[in-house]
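Residues per chain are reported as follows:
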Amino acid sequence: MSTLIFIAVIVALILVHELGHFVVAKLSGMRVDEFGLGYPPRALTIATVGETAYTLNWLPFGGFVKIYGEDALSPDAAKDARAFSSKPRILQALVLVAGIAMNLLFAYALITGALIMGTPRSLDESELASARSMELMVANVLPGTPAARAGLVAGDSIMSAKDAKGEWLPSTALGTSVPLPKSFSAFIAASGGKDVFLTIKNKGGEQVITAIPAEGLIDNEPFRHALGIEVATVGVLPLSFGAAIVEGAHLTWSATKMTALGLGHFFYGILTLSADLSQVAGPIGIAGAVGSASSQGFGDLLSIMAIISINLALINLIPIPALDGGRLLFVIIESIIRRPIKASIAGSINMVGFAFLVLLMLVVTAHDIFKIVG
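Procedures and definitions
- Residues numbered from 1 in each chain as written.
- Predicted model: local features only at pLDDT ≥ 70, side-chain atom pairs only at ≥ 80, totals over all residues.
- Heavy atoms only, no water.
- Pairing = 2+ DSSP bridges.
- Helix = DSSP H or I, 4+ residues; strand = E, 2+ residues; numbered from the N terminus.
- Axes fitted to C-alpha atoms, helices over the stretch in contact; angles between N-to-C directions.
- Core = buried A, V, L, I, M, F, W, Y, C linked by side-chain atoms within 4.5 Å.
- Buried < 20%, exposed > 50% of the residue type's maximum accessible area, 1.4 Å probe, protein only.
- Contact = heavy atoms within 4.5 Å.
- Salt bridge = Lys/Arg side-chain N within 4 Å of Asp/Glu carboxyl O.
- Phe/Tyr/Trp six-rings, centres within 6.5 Å; stacked < 30°, edge-to-face > 60°.
- Lys NZ or Arg CZ within 6 Å of the ring centre and 35° of its normal.
- Polar contact = N/O pair within 3.5 Å; in protein donor to acceptor, adjacent residues only side chain to side chain.
- Patch = residues over 30% accessible without salt bridge, like charges linked within 9 Å, V, L, I, M, F, W, Y side chains within 5 Å.
- Areas by Shrake-Rupley, 256 points an atom, 1.4 Å probe, with all protein chains shown as cover.

Quick word on the sheet that holds strand β7 (residues 205-211)
Right, so step 1: Across the sheet, six strands lie side by side as β3-β8-β4-β5-β6-β7; this open sheet has antiparallel pairing. Each end of this open sheet is capped by a strand with a single partner; those strands are β3 (120-122) and β7. Averaged over neighbouring strand pairs, the angle between their axes works out to 40° when direction is ignored.
Right, so step 2: Bridge count for strand β4 (residues 132-141) against strand β8 (residues 229-236) is seven bridges, and the pairing is antiparallel. Bridging from a neighbouring strand, methionine 137 pairs with alanine 232 of β8.

A short note on the nonpolar core
Right, so step 1: Among the nonpolar cores identified, the biggest contains 24 residues, and Val9, Phe267 and Val290 are the most heavily contacted of them.
Right, so step 2: Every element with two or more residues in this core is listed here: α1 (2-27), α2 (89-117), α5 (241-271) and α7 (298-317).
Right, so step 3: Ignoring any residue separated from it by four or fewer positions in sequence, one finds valine 9 in contact with Val290, Leu301, Met305 and Ile308.

Here's the deal with the pattern of salt bridges
Right, so step 1: Evaluation of the coordinates by the stated rule reveals nine salt bridges.
Right, so step 2: Where arginine 82 meets glutamate 51, a salt bridge forms, and the shortest distance between an N and an O atom there is 2.8 Å. Here the residue arginine 82 occupies a position in the loop between β2 (52-67) and α2, and glutamate 51 occupies one in the loop between β1 (32-49) and β2, the gap between them amounting to 31 residues.
Right, so step 3: Classification of glutamate 51 as partly exposed rests on a relative accessible area of 32%.
Right, so step 4: Glutamate 70 is the salt-bridge partner of arginine 327, the closest N and O atoms lying 1.7 Å from each other. In this pair, arginine 327 is assigned in helix α8 (residues 324-337) and glutamate 70 in the loop between β2 and α2, connecting sequence segments 257 residues apart.

Things to note about the packing of aromatic side chains
Right, so step 1: One pass over the full model with this rule turns up three aromatic pairs.
Right, so step 2: Ring centres of phenylalanine 22 and tyrosine 54 lie 6.3 Å apart, and the angle between their planes is 55°; on these two criteria the pair is classed as tilted. Of the two residues, phenylalanine 22 sits in helix α1 while tyrosine 54 sits in strand β2, which places them 32 residues apart along the sequence.
Right, so step 3: By relative accessible area, which is 24% here, tyrosine 54 ends up partly exposed.
Right, so step 4: Counting every residue linked through ring pairs, the aromatic cluster contains Phe22, Phe35 and Tyr54.
Right, so step 5: It is arginine 31 that lies over the ring of tyrosine 68; its NZ or CZ is 3.9 Å from the centre.

Remarks on the side chain of threonine 259
Right, so step 1: Position of threonine 259 relative to the elements: it lies in helix α5.
Right, so step 2: Judged by relative accessible area, threonine 259 falls into the buried class, the value being 12%.
Right, so step 3: A polar atom in the side chain of threonine 259 sits 2.7 Å from the backbone oxygen of alanine 255.
Right, so step 4: With near-sequence residues (within four places) excluded, threonine 259 lies in contact with Ile310, Asn311 and Leu314.

Digging into a nonpolar patch on the surface
Right, so step 1: The grouping of Leu329, Ile332, Ile333, Ile336 and Ile337 at the surface amounts to a nonpolar patch, some 410 Å² of accessible area in total.
Right, so step 2: Mapped onto the elements, isoleucine 333 comes out in helix α8.
Right, so step 3: Look at isoleucine 333 and you get partly exposed, because its relative accessible area is 32%.

Some points on unusual backbone geometry
Right, so step 1: Backbone torsion omega between proline 40 and proline 41 reads 15°, so that peptide bond is classified as cis.
Right, so step 2: Assignment of secondary structure puts proline 41 in strand β1.
Right, so step 3: In this structure, arginine 338 takes a positive phi of about 60° despite not being glycine.
Right, so step 4: Along the chain, arginine 338 turns up in the loop between α8 and α9 (343-373).

Comments concerning the side chain of histidine 21
Right, so step 1: Take histidine 21: it is sitting in helix α1.
Right, so step 2: The exposure class assigned to histidine 21 is buried, which follows from its relative accessible area of 5%.
Right, so step 3: With residues near it in sequence (within four places) discarded, histidine 21 still touches Val65, Val95, Leu96, Ala98, Gly99 and Asp324.

As structure tokens, then:
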């Protein structure tokens with residue numbers, strides 16, 4: 001089932017991206033010969049509507065819109081007013097960036113939808129009465145602290161706590177009613193440095209761990225006992241449509257900036273031979289993330305789709321031949337030199353760029369497999 005969901009997600013993201021190219025090309029008066037899912041060789045022609053063939057192709061790495069005259073290989077393209085190469089370069093650039101823009105807009109719509117439906121997030125006390133599925137979650141663990149030695153990690157949910165006297169933390173602080181971080185901190189401080197027993201839940205299920213609170217972990221309260229963790233009440237709280245529109249724009253912008261920084265560091269690492277592949281997921285890793293998100297609810301699935309859509313948009317903006325960014329670079333260069341780049345040169349550069357992308361995809365896929373096997 002998760003495989004089918006992953007395929008549906010990827011198809012949706014590719015369709016949105018290519019639809020941007022397709023619509024702007026049509027509106028610009030360009031002739032679109034093919035709208036394809038996957039890369040050639042062609043597996044199946046789904047339909048031919050007017051002058052455009054809609055196809056499925058064997059290499060499942062993406063999709064494409066074939067616009068007449070885009071590759072400048074046709075000798076008649078320069079004479080055809082509907083050819084890509086015959087249109088003003090501003091229109092060519094708009095067609096190329098349209099797919100990127102569509103992915104970003106789609107991500108915004110997905111994030112807004114997720115906020116309206118409700119996704120897990122940190123809550124303050126004023127939001128607790130309206131939230132559901134609340135948990136007390138570990139947000140951060142300081143290294144070398146009692147919490148770290150006990151095995152607590154960020155993302156663990158604290159289901160219950162018990163002190164050395166056998167007294168449970170009040171249900172108003174933990175459990176399904178109103179889990180408050182300050183109540184948990186007060187409970188730990190009152191332990192007097194004696195053992196506390198925490199029932200935690202994570203991907204491995206539930207388990208009970210023992211931790212010994214210590215002094216000296218809080219700078220302004222050196223004699224207060226603590227574990228060295230930051231906890232937060234996490235729950236699902238749907239937003240109104242208006243609030244979701246505003247918050248969705250903020251989150252989309254933040255996610256786009258963070259993704260751009262991450263991609264910048266990664267490609268800089270490739271150039272300097274210091275890239276950290278542990279931070280990169282290929283198709284197998286993405287499939288796992290999509291499956292995990294879908295099992296937690298539709299809101300989580302929309303959120304992971306939005307992140308993938310933002311990544312797809314920004315990756316396509318990178319000026320690598322065979323990507324939209326590379327083709328956009330060609331258009332900019334042609335605008336400066338005021339003549340087309342030779343078709344043979346453009347074709348050779350695109351071939352090298354495509355080979356690089358396939359190689360990179362194979363490398364990250366192999367790394368995904370090694371992580372699973374390891």
